[in-house]
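# Commentary on secondary and tertiary structure
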Amino acid sequence: MDTEFDEADRNRIKDIVKAHKEVISLHDLRTRRAGHNSFIQMHLELPPDMTLAEAHRISDEVEAEITKAFPDAEVLTHQDPAGLEAMTPLDRK
Ligand SMILES: [Zn+2]
């Protein structure tokens, strides 16, 4: 049966992400344990004028930090330009 990480672990993940000086924020953090496997997913909010190469590097750094703290987890991040989620879905296209 799948279970969510406990609150302490979720807060630990948020702290790791927010400690990265180039990440503005995160949202949609999803965590799941299923048997011996665990999964961590989130959206990273990054500066909108950042290049794709920079966004990729930062994502790799964040994923590496989380993997250090949760070695058995598969970590997946999605990159959002900061401020995007404030728009309505129709504006977003
Ligand atoms: Zn998002």
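Residues numbered from 1 in each chain as written. Predicted model: local features only at pLDDT ≥ 70, side-chain atom pairs only at ≥ 80, totals over all residues. Heavy atoms only, no water.

Turning next to the sheet that holds strand S2 (residues 37-46). Read across the open sheet, the three strands follow the order S1-S2-S3; overall the sheet is mixed. Edge positions in the sheet fall to strand S1 (25-34) and strand S3 (73-81), since each of these pairs with one other strand and no more. With direction set aside, neighbouring strand axes in the sheet form an average angle of 10 degrees. Sheet topology places S1 next to S2; eight bridges connect them, and they run antiparallel. For threonine 31, the partnering residue across the bridge sits in S2 and is isoleucine 40. Sheet contacts for helix H1 (residues 7-19): S1 and S2; angle to S1, the most-contacted strand, approximately 140 degrees. Of the strands in this sheet, S2 and S3 are in contact with helix H2 (residues 52-69), which crosses S3 at around 150 degrees. (Pairing = 2+ DSSP bridges. Helix = DSSP H or I, 4+ residues; strand = E, 2+ residues; numbered from the N terminus. Axes fitted to C-alpha atoms, helices over the stretch in contact; angles between N-to-C directions. Contact = heavy atoms within 4.5 Å.)

Worth remembering: the numbers are spatial, not functional.
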